[in-house]
Amino acid sequence: MLIPLHKKSDKSCTNKYCPVPVAQCGFTLQSSTVKAVQNVVSMAQSSSESISSADATQIDLRNAFDYVNHKIILEELWSYGIRDLELLLIKSYMSNRKQIVSYSGQNSQFLNVTRDVSLCGPLLFVTFINDLCSNMPCRSVLYADDTTFINSGKDTTKLKFQCKYFLQLFNMWFESNELAINNEKTVNILC
């Protein structure tokens, strides 16, 4: 069962809600968003101490947890060496799933789930996105569906060019994994 969690100002607009499983607790209590921010600040700070400029881009994914392809997750798990009964168990867990949405005491009809990790939990999403940083030529920090990449150098014009190039590389990785960058919530800071 999912509960719609309001995430933006206009409550009458249905795309301003995030579906949250009743049982999910990932990325809430004792999750270290502070640690992720500390890593980003530390990288930027060390760059600015040794080199004149640092560029950080914070990427937000559009509905990341709603669009994760189960087939791609299973292929990723296979590449990490999860096979045989373990992989079949996870595949079984993700197959033939149904969910309902409950709002104001009313329940929707059961719907098939084919592209979602909220039922699988944050661990599978982290596994799914884990190889992102190793495929990028810049320093990166991941937290849930948020990614920050940092680049540094003396020439700010070159930094801006590299930032656009790196953003294209990230976008290609996300597209190849059937995810999309939310351009409205993706920001760049040059310091």
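Residues numbered from 1 in each chain as written. Predicted model: local features only at pLDDT ≥ 70, side-chain atom pairs only at ≥ 80, totals over all residues. Heavy atoms only, no water.

1. Regarding the pairing of strand β8 (residues 139–143)
Stated formally: Two strands qualify as a pair provided DSSP detects at least 2 bridges between them. Only DSSP runs of H or I with at least four residues qualify as helices, and only runs of E with at least two residues qualify as strands; both kinds are numbered from the N terminus onward.
When β8 meets strand β9 (residues 146–153), the two strands line up antiparallel, connected through five bridges. The partner of Leu-142 across the bridge, within β9, is Thr-147. From the end of β8 to the start of β9, which pair antiparallel, there are two residues, and Ala-144 there has a positive phi angle of about 55°.

2. Digging into the environment of Ile-150
Mapped onto the fold, Ile-150 is located in strand β9. Spatially, the C-alpha atoms of Ile-150 and Ala-56 are 4.4 Å apart, while their sequence positions differ by 94 residues.

3. Section: the nonpolar core
Defined as follows: Within this scheme, the nonpolar core is defined by two criteria: the residues are buried Ala, Val, Leu, Ile, Met, Phe, Trp, Tyr or Cys, and they are joined through side-chain atoms within 4.5 Å. For every residue, the accessible area obtained with a 1.4 Å probe (protein chains only) is divided by the maximum for its type, and the residue is called buried under 20%, exposed over 50%, and partly exposed between those limits. Should any heavy atoms of two residues lie within 4.5 Å, those residues are considered in contact.
Residues Leu-61, Phe-170 and Phe-174 are the most contacted members of the largest nonpolar core, which totals 26 residues. Taken together, the elements giving at least two residues each to this core come down to α3 (70–79), α4 (84–94), α5 (122–129) and α6 (156–176). With six residues, α6 is the single largest residue contributor to this core. For Leu-61, the residues in contact, after removing those within four places along its chain, are Phe-125, Ile-129, Asp-145, Phe-174, Leu-179, Ala-180, Ile-181 and Asn-182.

4. Considering the pattern of salt bridges
The criterion, for reference: Salt bridge, as used here: a side-chain nitrogen of Lys or Arg that lies within 4 Å of a carboxyl oxygen of Asp or Glu.
For the structure on display, the rule yields two salt bridges. Put simply, Lys-71 and Glu-75 hold a salt bridge, and the shortest N to O gap is 3.4 Å. Residue Lys-71 and its partner Glu-75 are both found in helix α3; the two are separated by four residues, about one turn of the helix. By relative accessible area, Glu-75 is classed as partly exposed at 43%.

5. Some thoughts on the pairing of strand β3 (residues 53–60)
Taken residue by residue, a regular strand's side chains alternate between the two faces of the sheet. β3 sits mainly inside the fold: seven of its eight residues count as buried. As paired strands, β3 and β9 are joined by eight bridges and run antiparallel to one another. What sits directly across from Gln-58, in β9, is Thr-148. As paired elements, β3 and strand β10 (residues 187–190) share four bridges and run antiparallel to each other. Counted as the bridge partner of Ala-56 is Ile-189 from β10.

6. Thoughts on the confidence of the model for the protein
Definition in use: The quantity known as pLDDT measures the predictor's confidence residue by residue, on a range of 0 to 100.
Summarising the model, the protein shows a mean pLDDT of 78, and 70% of its residues fall at 70 or more. Taken element by element, the protein is modelled with least confidence in strand β2 (residues 17–21), mean pLDDT 49, and with most confidence in α6, mean pLDDT 93. Confidence drops under a pLDDT of 50 for residues 20–31, and excluding neighbours within four residues, the segment shows 19 contacts in the predicted structure.

7. Topic: α3
Cut-off, in case you're wondering: N or O atoms closer than or at 3.5 Å make up a polar contact, with two conditions inside protein: a donor-capable atom paired with an acceptor-capable one, and, for residues adjacent in sequence, both atoms drawn from side chains.
If you check which residues of α3 are buried, you get His-70, Ile-72, Ile-73, Leu-74, Glu-76 and Leu-77. Capping the start of α3, Asn-69 holds a side-chain oxygen 2.7 Å from the backbone nitrogen of Lys-71, two or three residues further along. Positioned one or two residues after α3, Gly-81 has a phi angle of 95°, which is positive.

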